[in-house]
Amino acid sequence: MNELGDFTPVTFEELLLNIYPRKVIAPPDSAFETVAAARTLVDFLLATEEIGGKMAVRMRTVLDRIEPEMPIALADTSRFGMAKSLFSAMGADSLEPGAAAGAEPAPAESPALCECPGCSPLPPVRLASRTELAEGALRVPLVTDVRRLAQWMLAGGRRPTVKGRLRVRDAAEAAVQLAVADPALLWDLAVYTGLVEVEGTALFDGDDPDPLDTWAAVVEFAVEKETGGAVTGAPALDEELYGLCDMLYRLQEPVPIPLVLEYLDEVGLITEGEVDVAEAVRRLAYYGIAEPDEEHLALTPLAVWALRELYTGLGIEAPEAADLTAADASELIDGLLSGMPAEMAEADIDGWLRGRTAAEAAAELLGAASGAPSVARGIAVTIVDRLGPEAEPEVRRYLEEAELRPHAIHWLSTRGLAAPTLTQREVLWMSVDMLALAISAAEDDPEGFAENMAASGPPAHVIDEMWRVDHPDVVQVLELLGRSLQDQNTAKAARKAAFKARSRAIG
């Protein structure tokens, strides 16, 4: 951070809830004075035009959330850095004016709801049909072996132990006769899924459940029960299987295995060399949880379905993504804005376009974009940009509409078709309009946005003139550029332009 204007809401969160509790020796009740000082800093940044009004609102909102959490952080010894821990052990709290040694931390309000990634809303997922899923569940090697073992025990009149476990003798015979690797685990699953019923040492045929019910129980057992390494071959990884599956569920795309291990190592869950990667992937594929891929880790469609069932059973909202290929243009745009993964969005866009001629697609999309917010308009224009010259008549119709005219001119000219010349004001307006589409993504990935802007962002002279544009999102766009651009001079110019745009709006 080089300038005051580089402060963001995240800066306060990192400073007050991470660095300050770790480094600074202070009593918990001092947190409220520290937060008050932070609020004064926000007022100063706003008065000196280093930040804009919307940024100040976001900062104050974050500080409101930090205020009840900070006393808890200051009192939490597990957060102390080494130096602070040593001084605290020596009674350094007595150095604080008015602080009695051994005093109890000041009572604090309940902390705000957790905002860690694991507690964030689940993304919508696309599910296969129940028929396809049920047929797939019956083909999972593990499920097949569980059913075979259950029938083998029942047909042979064999009895489990008084605790309902598989006898050592039967486990040895099953390993040979059925060629299964872990009969004891398979038996636990047969009982857990209800394929057999145990009463004392007597066995009974369980109800033959729906294949998907059996499958859901298998996945629940694998990710929630203490399996001691029986699932992945590594006890530590078995313990963290729920978290790993949750991460893959949220990403909804294959993750390179080295990256998975690096993540587990960084967060202190798995140490290097603790997991036989090839064996873990093989076992997860046998379970039907992961795709059999030696280089990447990804959930199977069956695992995605089972995890969604588990989430729902726990009372967690787990939305299902609608199939957008048959939707109208407005529904398509709304669906794409719901936060679905890029791969799924691409498939839906391709399917939607295949069901229409280029002219029909342009007419629907631009019609839906007319009068819509800039984000929806940006989505529509981005899809129209994929269409060929045969969409020309429909695109040309929107030369008469102010908000779509710059986009229509750009579309026509890039295809070598007759088009009016863009005025400087229209160029500026279109630049703001397309940057408005990136605001949400930039907040999620500020570093990625900054890199993109450094490579292909608008030049300084364009940014300097953007404040003149009559666009509802111009202030927000300029504020985003002001805190994202890597070139400090250009970033400062953006912040000044944002101030001019706010002043223009007020005037």
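Since the structure is predicted, the reported quantities are computational estimates derived from the model, not experimental observations. (Residues numbered from 1 in each chain as written. Predicted model: local features only at pLDDT ≥ 70, side-chain atom pairs only at ≥ 80, totals over all residues. Heavy atoms only, no water.)

(A) Region of interest: the overall build of the chain. For the chain, the helix and strand inventory stands at 26 helices and four strands. Per-residue burial for the chain yields a buried fraction of 44% across its 507 residues. Element-wise, carbon and sulfur atoms account for 54% of the exposed surface of the chain, whose accessible area totals about 25900 Å². (Helix = DSSP H or I, 4+ residues; strand = E, 2+ residues; numbered from the N terminus. Buried < 20%, exposed > 50% of the residue type's maximum accessible area, 1.4 Å probe, protein only. Areas by Shrake-Rupley, 256 points an atom, 1.4 Å probe, with all protein chains shown as cover.)

(B) Examining helix α7 (residues 168-177) more closely. Three or more residues of α7 are buried, namely Asp 170, Ala 171 and Ala 174. Down the axis, α7 shows its buried residues gathered within 100° of arc, on one side only. Among the exposed residues of α7, those oriented more than 90 degrees off its buried face are Val 168, Arg 169 and Val 176. Where α7 is buried, its residues meet α6 (141-155) and α8 (183-192). Where α7 terminates, the next one or two residues include Ala 179, which has phi positive at roughly 55°. (Arc of directions from axis to C-beta. Contact = heavy atoms within 4.5 Å.)

(C) Quick peek at the side chain of Thr 227. Residue placement: Thr 227 occurs in the loop between α9 (211-224) and α10 (235-239). Here Thr 227 falls in the buried class, since its relative accessible area comes to 13%. Those residues within four positions of Thr 227 in sequence are excluded, and the remaining contacts are Phe 221 and Asp 238.

(D) Representation of the layout of surface pockets within the structure. Approximately 860 Å³ is the volume attributed to the second largest pocket. In terms of lining residues, the second largest pocket is bounded by 31 residues, among which Leu 336, Met 340, Ile 379, Leu 437 and Ala 441 are the most central. Among the secondary structure elements, those contributing two or more residues to the lining of the second largest pocket are α11 (241-251), α16 (342-354), α18 (374-384), α21 (424-436), α22 (439-444) and α23 (446-456). Of the residues assigned to the lining of the second largest pocket, the class counts are 20 nonpolar, five polar and six charged. (1 Å grid on protein atoms, 1.4 Å probe; cavity = no way out; pocket = protein on both sides within 12 Å on 5 of 7 lines; lining within 4 Å. Points joined across faces, edges and corners; volume = space filled by probe spheres on them. Nonpolar A, V, L, I, M, F, W, Y, C, P; charged D, E, K, R; others polar.)

(E) Quick peek at the packing of aromatic side chains. This model, assessed by the stated rule, comprises four aromatic pairs. An angle of 85° between the planes, with centres 6.4 Å apart, marks the rings of Tyr 242 and Tyr 311 as edge-to-face. Residue Tyr 242 is found in helix α11, and its partner Tyr 311 is found in helix α14 (residues 301-313); the two are separated by 69 residues along the sequence. Owing to a relative accessible area of 27%, Tyr 242 belongs among the partly exposed residues under this scheme. (Phe/Tyr/Trp six-rings, centres within 6.5 Å; stacked < 30°, edge-to-face > 60°.)

(F) Structural detail: the nonpolar core. Ranked by internal contacts, the top residues of the largest apolar core, which has 68 residues, are Trp 215, Tyr 249, Tyr 287, Leu 297 and Leu 299. Counting residues in each nonpolar core, the second largest holds 36 residues, with Ile 379, Ala 380, Leu 387 and Ile 409 among its members. (Core = buried A, V, L, I, M, F, W, Y, C linked by side-chain atoms within 4.5 Å.)

(G) Fine view of the packing of helix α5 (residues 130-138) against α9. The geometry of α5 relative to α9 is characterised by a closest axis approach of 8 Å and an angle of 65° between their N-to-C directions. Every pair of crossing elements has a handedness; the one defined by α5 and α9 is left-handed. Of the residues in α9, those touching α5 at Arg 130, Leu 133, Ala 134, Ala 137 and Leu 138 are Pro 211, Leu 212 and Trp 215. Each residue belonging to the contact of α5 with α9 can be placed in one class, and the counts come to seven nonpolar, no polar and one charged. (Axes fitted to C-alpha atoms, helices over the stretch in contact; angles between N-to-C directions. Left-handed = near helix turned anticlockwise from the far one by under 90°.)

(H) Highlighting a negative patch on the surface. On the surface, a cluster of negative charge is contributed by Glu 443, Asp 444, Asp 445, Glu 447 and Glu 451. Only α22 and α23 provide two or more residues apiece to the negative patch. The residue Glu 447 is located in helix α23 in this model. In this structure Glu 447 comes out as exposed when scored by relative accessible area, which is 62%. (Patch = residues over 30% accessible without salt bridge, like charges linked within 9 Å, V, L, I, M, F, W, Y side chains within 5 Å. Salt bridge = Lys/Arg side-chain N within 4 Å of Asp/Glu carboxyl O. Lys, Arg positive; Asp, Glu negative; His and termini not counted. Charge placed at Lys NZ, Arg CZ, Asp CG, Glu CD.)

Taken by themselves, the reported measurements are silent on function.
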